Amino acid sequence: MELNLDPSKDDLPLRANTSHMLVRHYVLDLAVHFERKVISGNIVLFFETGKDGDKGGSAYSAPSDTNDAGVCGGVRREASEAPGCHGDLQPPCEISSSKQDPSDLGDGESADFVLVLDCCDLSVLKVEEVDVASLRGIEELGKGCETAGRSNRVAGCPLSCGVRQLVTLPAESWEKQHDLYLQCSRAPGCGDLIFETDPWSLQVAKKGIKSPRDFPHVLRIWYETRPEGSSVRWTTDQSNRPCVYTMGSPINNRALFPCQEPPVAMSTWQATIKAPPECVVLLSGEEEAQPATDRKAGSCWCWFCYVTMPMPASTFTIAVGHWVEPTVNVPPLLINSAYCFPVNSFKPCSSLQFPCHHVDYPCRFQRAAARVQAVIPHRVFAPACLKELAGETLLPLLPPCLSAAHSALGVHPFSRLDVLLVPAGFSSLGMASPHMMFLSQSVLSGKNHLCGARLCHEIAHAWFGLAIGARDWTEEWISEGFATYLEDVFWARAQQLPQEEAEGQRELKAALRWRRLRDELQNSEEELQILRPNRERTGDVSDSGASLVKHGLNPEKIFMQVHYLKGYFLLYFLASKIGDDRFLKFFCQFVQKFHGQLILSQDFLNMLLESFQEIKRDGLTLEAIYRDWLDSAGVPEPLLEKSHSWLQNRLVEEVKEEVAKWIHFSHSHRKGSKRKRGERKEIFKEILPEQLVLLLEVLLEEPGLSVTTLRSLDRTYSLRAQDAEVRHRWCELIIKHKHTAAYRDVEHFLMQDQAMGVYLYGELMVHEDIRQQCVARKCFSLAQEEMDPASRKVVEEMIF
């Protein structure tokens, strides 16, 4: 791969040479500086020699059954003993730069080994080897370790075989392991290392070290983020208070800390975050982060978290702000049924238990208590101005949604959940991380249908996307397609819908998604419509472990839904061949077998085809699924056949009847039309939110609707009070028919629902109407500081 990649290219580079050295653990000690909009501090990385760096070893220890000891426990300390708050290590005030000319890193057969980490938009100040050999715990681990004639001291700095023992301690020793990681992270440095950065990576070398095995296995990197870094979003919340949160996309966390981004580089972590005392810090950790004072950090407080389940570095999440935690004064079961549904009334997933096949860690799937825990501990956080609304809407929905998910898939992979309502500029409706979920404020409007469905979607990611991840990030459908399919299953169960009603709503949603997919496929590049763009090379990496995420930087792809929708329809198609109940039971079995692992499409499909031999006999093969669904653009032929049945759904038929009434109403209220005396007044039926979305979409296809009709639509359905999906279609109608009296609704949507409003800017500009273009430019000028960079760039191209 070329040394310096153009950041404007479509493909996202994953530069880390994970085949040579693999990070097993990170210890972060960082401080948040709102005045400068940077996060600064250091990160200590613990390595294991990779599969191609040491022919006598492997990247991971051999899989084994895990012990559940200590899973419910934690690293508990008194506030005065909070890890990382001791202030023993200070960032260098003046550093004689360790940066060298690229030629100093060596070239050719006799060159020194170069460690490559993924890194972007970071100011790296210093890289040093950490002297851990003198630590008592490490010495004890290293006793009796085979050295095979190698010296324990290379280039004047002690190396200890105990470090190799540390990263491979068994699951039952995780507390001891984490304590040793902390001790090592505080050890002094024993020599600066040569380093350089390019737009996508940090490269580190040590003079005289030729192989990964002899390279330092514990490094400390001093650095700070840059305000413009794409992994970190500095903004203000809805109460106009400063806050910061990690974006995770599109370049993942490499602009938050130097790391290994390829998904195979799964690691654990510990993090201490220093922040102003008036702030709340939310972290992706297994226990709730609690603040402790830091005597040497001025007025800052320290917040600590840890994880014991190895995860890709891209899943690490931080949110720092003036968040408040709403509470519910009435028990959930007594709240009006419009806001809450029964919990703990589902039959749990009862599939056979599989032995764990993942690397050794304290696994919840092996714990009897976790298997019966339908609702994990959860909290909700929001800016002060949304505290009451979040308490009324989100908190009552979480227990039934969590319980429904547990009934379908079994053990919750993570022990707790924090839900944060992020600022208006957040670029999507939700994002799931270990132990944490971000939600857009757009899900709070209207009734609870959009909020409940989105909660279920993000909860589903705990299994598909986090506990089970894609080994090739181009196979996004493994995460998003599965979550879209499961959100319907979870939400129907959370509402306790009768089977017939649940099936009707599922078909209605399929009809809506079919329309959306069809439109997207008609208006996007064919190359972006393929769910497995690497085709037969899916999962391939270079000899070093580096790779490219195809189209990973394409700004158009960020706003596409094809991997959600096409993946959803593939699962819908497979369920129709097998039967819904049998298909869901298979999901549960698949989760139990593959949790904690990375998969490719064929892992899921091969197990499915082996489990249901009858569909193989009917001609459904892996090759046929690749051909029809994953490796080609356009609409899969089986989907065309299935789509006709959704149009005959009872709920869809009801929408057709209401549309006919509205069209008749519009014709009779056009300018110049003569209304007959005594003409029958139309009586419009009350319909579901999803039906209302479909009704407005169909009305959008009408060439002309009278102003009276638009006003009547608004009055009949109280459109301004509906959820964001409905209001988005209402805004489209306003723009199409130049309903000037309602332009304020469009302005409100563009300001308050930025996660969904990007498309509307294009609609406002395309008609070349001066007043509509003024609305677009006015809203953009007011909202651009809040917008995420990707959205801002797309809108700028639309309106200028």
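These numbers were taken from a predicted model, which means no experiment stands behind them.

Next up on the list: the packing of helix 16 (residues 650-668) against helix 18 (residues 707-717). Interhelical geometry of helix 16 versus helix 18 gives an angle of 140° and a closest axis separation of 9 Å. Classed by the angle they form, the pair helix 16 and helix 18 counts as oblique. Relative to helix 18, helix 16 is oriented so that their crossing is right-handed. From helix 16, Glu-658, Trp-662, Phe-665 and Ser-666 reach across to helix 18, where they touch Thr-708, Thr-709, Ser-712, Leu-713, Thr-716 and Tyr-717. A breakdown of the residues in the contact of helix 16 with helix 18 according to their chemical character gives four nonpolar, five polar and one charged.

The pairing of strands in a sheet happens through backbone hydrogen bonds and is either parallel or antiparallel. Taken in spatial order, the four strands make up an open sheet running 19-20-22-21, and their pairing is mixed. Only two strands of the sheet have a single partner each, and these edge strands are strand 19 (378-381) and strand 21 (430-433). With direction set aside, neighbouring strand axes in the sheet form an average angle of 15°. Contacts from helix 5 (residues 387-409) reach strand 19, strand 20 (417-421) and strand 22 (436-439), with the element oriented near 155° to strand 19. Contacting strand 21 and strand 22, helix 6 (residues 449-460) runs over the sheet at an angle of about 145° to strand 22.

The subject of this paragraph is the pattern of salt bridges. Tallied over the entire structure, the rule returns 37 salt bridges. Between Glu-747 and Lys-778 there is a salt bridge, and its shortest N-O distance comes to 3.5 Å. Placement of Glu-747 in helix 20 (residues 743-752) and of Lys-778 in helix 22 (residues 770-783) is noted, with a sequence separation of 31 residues between them. Sharing partners across several salt bridges, the network here consists of Arg-515, Glu-697, Glu-701, Glu-725 and Arg-729.

The next subject is the sheet that holds strand 16 (residues 291-293). The strand order across the open sheet built from eight strands is 8-5-11-3-2-14-17-16, with neighbouring strands paired in mixed fashion. With one partner strand each, in any of the chains shown, strand 8 (189-192) and strand 16 form the two edges of the open sheet. Adjacent strand axes in the sheet meet at a mean angle of 25° when their direction is disregarded. Against the sheet, helix 3 (residues 174-185) makes contact with strand 2 (21-33), strand 3 (38-49), strand 5 (122-130), strand 11 (218-225), strand 14 (266-275) and strand 17 (301-312), and its axis sits at roughly 125° relative to strand 17, the strand it touches most.

Here we come to the packing of helix 21 (residues 758-766) against helix 23 (residues 789-799). Geometrically, a packed helix pair is captured by the angle between its two axes and the distance between the axes. Running from N to C, helix 21 and helix 23 point in directions that differ by 5°, and their axes come no closer than 9 Å. Classed by the angle they form, the pair helix 21 and helix 23 counts as roughly parallel. Across the interface between the two elements, Val-758, Tyr-761, Gly-762 and Met-765 from helix 21 touch Ser-791, Val-794, Val-795, Met-798 and Ile-799 from helix 23. Of the residues contributing to the contact of helix 21 with helix 23, the split by class is seven nonpolar, two polar and no charged.

Turning next to the confidence of the model for the protein. Of all residues in the protein, 84% have pLDDT values of 70 or greater, and the mean over the chain is 86. The model gives residues 91-104 a pLDDT under 50, and that stretch makes 18 contacts with residues more than four places away or in other chains.

This brings us to the packing of aromatic side chains. Counted under the stated rule, the structure contains 39 aromatic pairs. Ring geometry for Phe-34 and Trp-234: centres 5.7 Å apart, planes at 90°, overall edge-to-face. One end of the pair, Phe-34, is in the loop between strand 2 and strand 3; the other, Trp-234, is in strand 12 (residues 232-236), with 200 residues separating them in the sequence. We classify Phe-34 as buried; its relative accessible area is 17%. When the ring centre of Tyr-572 is taken as origin, the NZ or CZ atom of Arg-506, which lies over that ring, is 4.6 Å away. Lying across the ring of Tyr-568, Arg-513 places its NZ or CZ 4.5 Å from the centre.

Bringing empty space enclosed by the protein into the picture now. Applying the stated criterion to the full structure yields seven cavities of 30 Å³ or more. Of the volumes computed, that of the largest cavity is approximately 210 Å³. Arg-24, Gln-177, Thr-268, Thr-308 and Asp-360 are the residues nearest the centre of the largest cavity, which is lined by 20 residues in total. If you list the elements that add at least two residues to the lining of the largest cavity, you get helix 3, strand 14 and strand 17. The biggest single contributor to the lining of the largest cavity is helix 3, with four residues. A class-by-class count of the residues in the lining of the largest cavity yields eleven nonpolar, seven polar and two charged.

The rules behind each value
- Residues numbered from 1 in each chain as written.
- Predicted model: local features only at pLDDT ≥ 70, side-chain atom pairs only at ≥ 80, totals over all residues.
- Heavy atoms only, no water.
- Axes fitted to C-alpha atoms, helices over the stretch in contact; angles between N-to-C directions.
- Helix = DSSP H or I, 4+ residues; strand = E, 2+ residues; numbered from the N terminus.
- Parallel < 35°, antiparallel > 145°, perpendicular 65-115°, else oblique.
- Left-handed = near helix turned anticlockwise from the far one by under 90°.
- Contact = heavy atoms within 4.5 Å.
- Nonpolar A, V, L, I, M, F, W, Y, C, P; charged D, E, K, R; others polar.
- Pairing = 2+ DSSP bridges.
- Salt bridge = Lys/Arg side-chain N within 4 Å of Asp/Glu carboxyl O.
- pLDDT = per-residue confidence, 0-100.
- Phe/Tyr/Trp six-rings, centres within 6.5 Å; stacked < 30°, edge-to-face > 60°.
- Buried < 20%, exposed > 50% of the residue type's maximum accessible area, 1.4 Å probe, protein only.
- Lys NZ or Arg CZ within 6 Å of the ring centre and 35° of its normal.
- 1 Å grid on protein atoms, 1.4 Å probe; cavity = no way out; pocket = protein on both sides within 12 Å on 5 of 7 lines; lining within 4 Å.
- Points joined across faces, edges and corners; volume = space filled by probe spheres on them.

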